[in-house]
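Commentary on secondary and tertiary structure
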Amino acid sequence: MTLSFNISSNHLIPPRPTRPQSRVPASASHLTSTKPNSSIQHTNTRRCICYDMYKQVVPFAEAWSWQKSIVDQRKSLVDGNEDELDSLIVLQHQPVYTLGTASSEDNLSFDVKDSPLPLYQTERGGEVTYHGPGQLVLYPILNLRFQKMDLHWYMRALEEVVIRVLFSAFSLKASRVEGLTGVWVGDKKLAAVGIRVSKWLTYHGLALNVSTDLSPFSRIIPCGIKDRGVGSIKELLRGSNKPSSISGYHYEDDGKLIDIAHESLLKEFCEVFQLELCHQSVSILGSPDR
């Protein structure tokens, strides 16, 4: 089933900042190091409510509805200068294909009316991708007035989170590829980034392949990139010459890999965006509109 929504273009008009200047340096060149000690400089810490479901496999439609609901609620707070808390949703998804605003059916090997998996047309940027178990997804809903009002900077910052995770937790040296979005180890893409911003509130986010079954990617051209592949942390560790375990856990233990990646993702996310996480019960999100 394909879902489509009409989205206002108001987010393209930069609103006037209502708070002090960005806590993050303006240049994206400050986000290039893979070493944990090369931290970005900030002056304050902002609180962020974290809905942490990282061990749960959640239908895409539910998480999408949650994001839009939070964004809608916070828009009214932004208008009244009362937006004091950011938000972060962490989870895994049931198998699903999602399309971005730049998606072309040429990048699908199937008819959209007969998709092998649920298929959603979304309002995020980018092309087609796959989500499924073993992939950690972060949906940050941040007010960029408190970071930097620059979408390219924000995407580079999300990539920096993953680059740091791969280096610090798994000793994998990852990088960006000029002209492309995401995080790469060699010619394998391990993390995809796709965002939407409205009134400088972000949603959608990043997906990191930890122990993901990569076979569903074979039915699409991921992110529309034909000459590069996708990979996962598990796949790269298995094919490396590194010791067969991390902190005593074997690489084949998917659950432990997820645990390690999750812990590192939250740590590096907080460091890059200078946020303090406040964990909140998932039940407060309620049932999504159907």
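As a reminder, the structure under discussion sits directly above these lines.
Residues numbered from 1 in each chain as written. Predicted model: local features only at pLDDT ≥ 70, side-chain atom pairs only at ≥ 80, totals over all residues. Heavy atoms only, no water.

1. With respect to the side chain of Asn 143
Here Asn 143 lies in the loop between strand 6 (135-141) and helix 2 (151-170). Polar side-chain contacts of Asn 143 include one of 2.9 Å to the side chain of Asp 83. Once residues lying within four places of it in the same chain are set aside, the contact partners of Asn 143 are Arg 46, Arg 74, Val 78, Asp 83, Asp 86, Trp 200 and Leu 201. (Helix = DSSP H or I, 4+ residues; strand = E, 2+ residues; numbered from the N terminus. Polar contact = N/O pair within 3.5 Å; in protein donor to acceptor, adjacent residues only side chain to side chain. Contact = heavy atoms within 4.5 Å.)

2. Notes on the layout of surface pockets
Which parts of space are left empty comes out when a probe the size of a water molecule is rolled across the atoms. By volume, the largest pocket is sized at about 380 Å³. Within the residue set of the lining of the largest pocket, elements represented by two or more residues are strand 5 (129-131), strand 6, helix 2, strand 8 (188-198) and strand 9 (201-209). Split by residue class, the lining of the largest pocket holds 13 nonpolar, eleven polar and four charged. (1 Å grid on protein atoms, 1.4 Å probe; cavity = no way out; pocket = protein on both sides within 12 Å on 5 of 7 lines; lining within 4 Å. Points joined across faces, edges and corners; volume = space filled by probe spheres on them. Nonpolar A, V, L, I, M, F, W, Y, C, P; charged D, E, K, R; others polar.)

3. A few points about the nonpolar core
Residues Leu 88, Leu 166, Phe 170, Leu 208, Ile 233 and Phe 273 are the most contacted members of the largest nonpolar core, which totals 50 residues. In terms of residues, this core owes the most to one element, helix 2, which gives twelve residues. Formed by 22 residues, the second largest nonpolar core is a distinct cluster that contains Val 78, Val 96, Val 137 and Ala 207. (Core = buried A, V, L, I, M, F, W, Y, C linked by side-chain atoms within 4.5 Å. Buried < 20%, exposed > 50% of the residue type's maximum accessible area, 1.4 Å probe, protein only.)

4. Quick word on the environment of Gly 182
You can see Gly 182 is positioned in the loop between helix 2 and strand 7 (183-185). If sequence neighbours within four positions are ignored, Gly 182 has contacts with Glu 159, Ser 175, Arg 176, Lys 189, Ala 191 and Val 193.

5. So, helix 1 (residues 60-79)
Because an α-helix packs 3.6 residues into every turn, residues spaced three or four apart end up facing the same way. With 20 residues, helix 1 should reach 28 Å at 1.5 Å per residue; the first-to-last C-alpha distance of 29 Å fits that figure. Inspection of helix 1 places Phe 60, Glu 62, Ala 63, Trp 64, Ser 65, Trp 66, Gln 67, Ile 70, Val 71, Arg 74 and Val 78 among the buried residues, and these make up the whole buried set. Asn 81 occupies a position one or two residues after helix 1 and carries a positive phi of about 60°. (Expected span 1.5 Å × (residues − 1).)

6. Notes on the pattern of salt bridges
Counted according to the given criterion, the structure contains 14 salt bridges. The salt bridge involving Glu 268 is made with Lys 267; its shortest N-O contact spans 3.5 Å. Take Lys 267: its relative accessible area is 53%, and that puts it in the exposed class. Connected through salt bridges with shared partners, the residues Arg 156, Glu 159, Glu 160, Arg 164, Arg 176, Lys 267 and Glu 268 form a single ionic network. (Salt bridge = Lys/Arg side-chain N within 4 Å of Asp/Glu carboxyl O.)

7. Quick notes on the side chain of Gln 92
Structurally, Gln 92 can be placed in strand 2 (residues 86-93). Classification of Gln 92 by relative accessible area gives buried; the value is 7%. Within the structure, Gln 92 has its side chain in polar contact with the backbone nitrogen of Gly 134 (distance 2.7 Å).

8. Some details on the packing of aromatic side chains
One pass over the full model with this rule turns up nine aromatic pairs. Judged by centre distance (5.3 Å) and plane angle (80°), the rings of Tyr 130 and Phe 217 are edge-to-face. Taken together, the residues span a long stretch of sequence, with Tyr 130 in strand 5 and Phe 217 in the loop between strand 9 and strand 10 (229-230) at a distance of 87 residues. Across the pair, Phe 217 and Tyr 130 agree in class, each one buried. Ring centres of Trp 153 and Phe 273 lie 6.1 Å apart, and the angle between their planes is 85°; this geometry places the pair in the edge-to-face category. You can see Trp 153 sitting in helix 2 and its partner Phe 273 sitting in helix 4 (residues 254-273), a full 120 residues away along the chain. One exposure class covers both Trp 153 and Phe 273, and it is buried. Every member of this aromatic cluster is reached through a ring pair, and the members are Tyr 97, Phe 110, Tyr 130 and Phe 217. (Phe/Tyr/Trp six-rings, centres within 6.5 Å; stacked < 30°, edge-to-face > 60°.)

9. Thoughts on a negative patch on the surface
A surface patch of negative charge is lined by Glu 105, Asp 106, Asp 111 and Asp 114. Positionally, Asp 106 belongs in the loop between strand 3 (96-99) and strand 4 (119-121). In this structure Asp 106 comes out as exposed when scored by relative accessible area, which is 68%. (Patch = residues over 30% accessible without salt bridge, like charges linked within 9 Å, V, L, I, M, F, W, Y side chains within 5 Å. Areas by Shrake-Rupley, 256 points an atom, 1.4 Å probe, with all protein chains shown as cover. Lys, Arg positive; Asp, Glu negative; His and termini not counted. Charge placed at Lys NZ, Arg CZ, Asp CG, Glu CD.)

10. Re helix 4
An ideal rise of 1.5 Å per residue puts 28 Å on 20 residues; helix 4 measures up with 28 Å between its terminal C-alpha atoms. Burial within helix 4 is extensive, with 14 of its 20 residues counted as buried. Positive backbone phi, at 50°, marks Gln 274, one or two positions downstream of helix 4.

11. Remarks on the pairing of strand 6
The element strand 6 is extensively covered by neighbouring structure, given that seven of its seven residues are classed as buried. The two faces of strand 6 match: Gln 135, Val 137, Tyr 139 and Ile 141 on one face and Leu 136, Leu 138 and Pro 140 on the other face are all buried. Two elements, strand 2 and strand 6, share five bridges in a ladder whose sense is antiparallel. Its bridge partner being in strand 6, Leu 88 is matched across the sheet by Pro 140. By the bridge criterion, four bridges tie strand 6 to strand 9 in an arrangement that is antiparallel. Note on strand 9: the bridge partner recorded for Leu 138 is Leu 206. (Pairing = 2+ DSSP bridges.)

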